[in-house]
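# Structural characterization, general
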Amino acid sequence: MTTQPPPVDHELVQAAAHVARTRCRGDNHTMAAAARARDGRIVTAVNAYHFTGGPCAELVLIGTAAAQGAYELDTIVAVGDRERGVVPPCGRCRQVLLDYFPTLKVIVGEGDRIRTVLITDLLPETYSWADHQLDTE
Ligand SMILES: [Zn+2]
């Protein structure tokens, strides 16, 4: 028996592409992200580039979602400006996303090779932050 990969949430990709096309301006905002919250709604965000380490769109999205009361995200995708298409999360974002949402699905790939993978697939043999905190009891 083969396991089917999760289907691609095309509405989510379109939402991120729309924000990338209409809201990314100049050098400060070059990436858009969209996430499907557990309750079904879509949350979007753009990055806030800065040479000191401004957050990627995925990280801004975590805060944006929380500000709207969406604390559980099911799927996330990032799309670049200038019609760059789907862009996979960077290493920092992979770690943060895994720690916040251990069962998160991530849409990656280009063109007709677009697919949905688990965040754990993007970060094998990962460091788990929660496993290394001192017990507060
Ligand atoms: Zn990132």
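The structure contained in this document is the topic of the report that follows. (Residues numbered from 1 in each chain as written. Predicted model: local features only at pLDDT ≥ 70, side-chain atom pairs only at ≥ 80, totals over all residues. Heavy atoms only, no water.)

## Considerations on helix α2 (residues 57–67)
Test applied: Only protein chains enter the calculation, and the probe is 1.4 Å; a residue is then buried if its accessible area is under 20% of its type maximum, exposed if over 50%, and partly exposed in between. What counts as a helix is a DSSP run of H or I of at least four residues, what counts as a strand is a run of E of at least two, and both are numbered from the N terminus. Whether two residues are in contact is decided by their heavy atoms, any of which lying within 4.5 Å being enough.
All buried positions along α2 are accounted for by Ala57, Glu58, Leu59, Leu61, Ile62 and Ala65. Here the buried face of α2 lies against β1 (31–37), β2 (42–46), β3 (73–80) and α3 (91–100). Glycine 69 sits one or two residues past α2 and shows a positive phi near 80°.

## Thoughts on the coordination of the zinc ion
For a metal with four tetrahedral donors the ideal donor-metal-donor angle is 109.5 degrees, while six octahedral donors give ideal angles of 90 or 180 degrees. What counts, and what does not: Donors, by definition, are the N, O and S atoms found within 2.8 Å of a metal, the threshold being 3.2 Å for Na, K and Ca, and water is not counted, so a site can look incomplete.
Protein ligation of the zinc ion involves Cys56 (SG), Cys90 (SG) and Cys93 (SG), the donor distances falling in the range 2.2 to 2.3 Å. Binding-site remark: the zinc ion is held by donors from one chain whose sequence spacing is C-x33-C-x2-C. With relative accessibility at 0%, the residue cysteine 93 sits in the buried group.

## Re the packing of α2 against α3
Helices that pack against each other are described as a pair by the angle of their axes relative to one another and the distance between those axes. We apply this condition: Structural elements are reduced to axes, namely lines fitted to C-alpha atoms, with helices fitted over the stretch in contact, and the angle between N-to-C directions of any two is expressed from 0 to 180 degrees. Throughout this description, any angle smaller than 35 degrees is read as roughly parallel, any larger than 145 degrees as roughly antiparallel, any in the 65 to 115 degree range as roughly perpendicular, and the remainder as oblique. Side-chain classes are defined by residue name, with Ala, Val, Leu, Ile, Met, Phe, Trp, Tyr, Cys and Pro counting as nonpolar, Asp, Glu, Lys and Arg as charged, and the others, Gly among them, as polar.
At their nearest, the axes of α2 and α3 sit 9 Å apart, and the two run at 25° to each other. Considering the angle they form, α2 stands roughly parallel to α3. Two secondary-structure elements touch here, α2 through Glu58, Leu59 and Ile62 and α3 through Arg92, Cys93, Val96, Leu97 and Tyr100. Of the residues assigned to the contact of α2 with α3, the class counts are six nonpolar, no polar and two charged.

## Topic: the packing of aromatic side chains
The condition that has to hold: Two rings from Phe, Tyr or Trp (for Trp, the six-membered ring) form a pair when their centres sit within 6.5 Å of each other. Planes less than 30 degrees apart are called stacked, planes more than 60 degrees apart edge-to-face, and all others tilted.
The full count for this structure, using the stated rule, is one aromatic pair. Ring centres 5.7 Å apart and planes at 45° place the aromatic pair tyrosine 100 and phenylalanine 101 in the tilted group. Owing to a relative accessible area of 53%, tyrosine 100 belongs among the exposed residues under this scheme.

## Looking at unusual backbone geometry
One non-glycine residue with positive phi stands out, namely arginine 82, at about 50°. By the element assignment, arginine 82 lies in the loop between β3 and β4 (85–86). On the accessibility criterion, arginine 82 (63% relative accessible area) is exposed. A positive phi is found at glutamate 83, a non-glycine position, where the angle reads about 55°. For glutamate 83, the location among the structural elements is in the loop between β3 and β4.

## Side note on the nonpolar core
Considering soluble globular proteins, one finds that nonpolar side chains tend to be buried as a cluster. Just so we agree on the cut-off: To form a nonpolar core, buried Ala, Val, Leu, Ile, Met, Phe, Trp, Tyr and Cys residues must be joined to one another through side-chain atoms within 4.5 Å.
Membership of the largest hydrophobic core comes to 26 residues, with the highest contact counts inside it found for Leu61, Leu73, Ile76, Leu97, Leu104, Val106 and Ile119. At the level of secondary structure, the elements contributing two or more residues to this core comprise β1, β2, α2, β3, α3 and β5 (105–108). In terms of residues, this core owes the most to one element, α2, which gives five residues. Setting aside residues up to four positions removed in sequence, leucine 73 forms contacts with Ala35, Arg36, Ala37, Arg38, Leu61, Ala65, Phe101 and Leu104.

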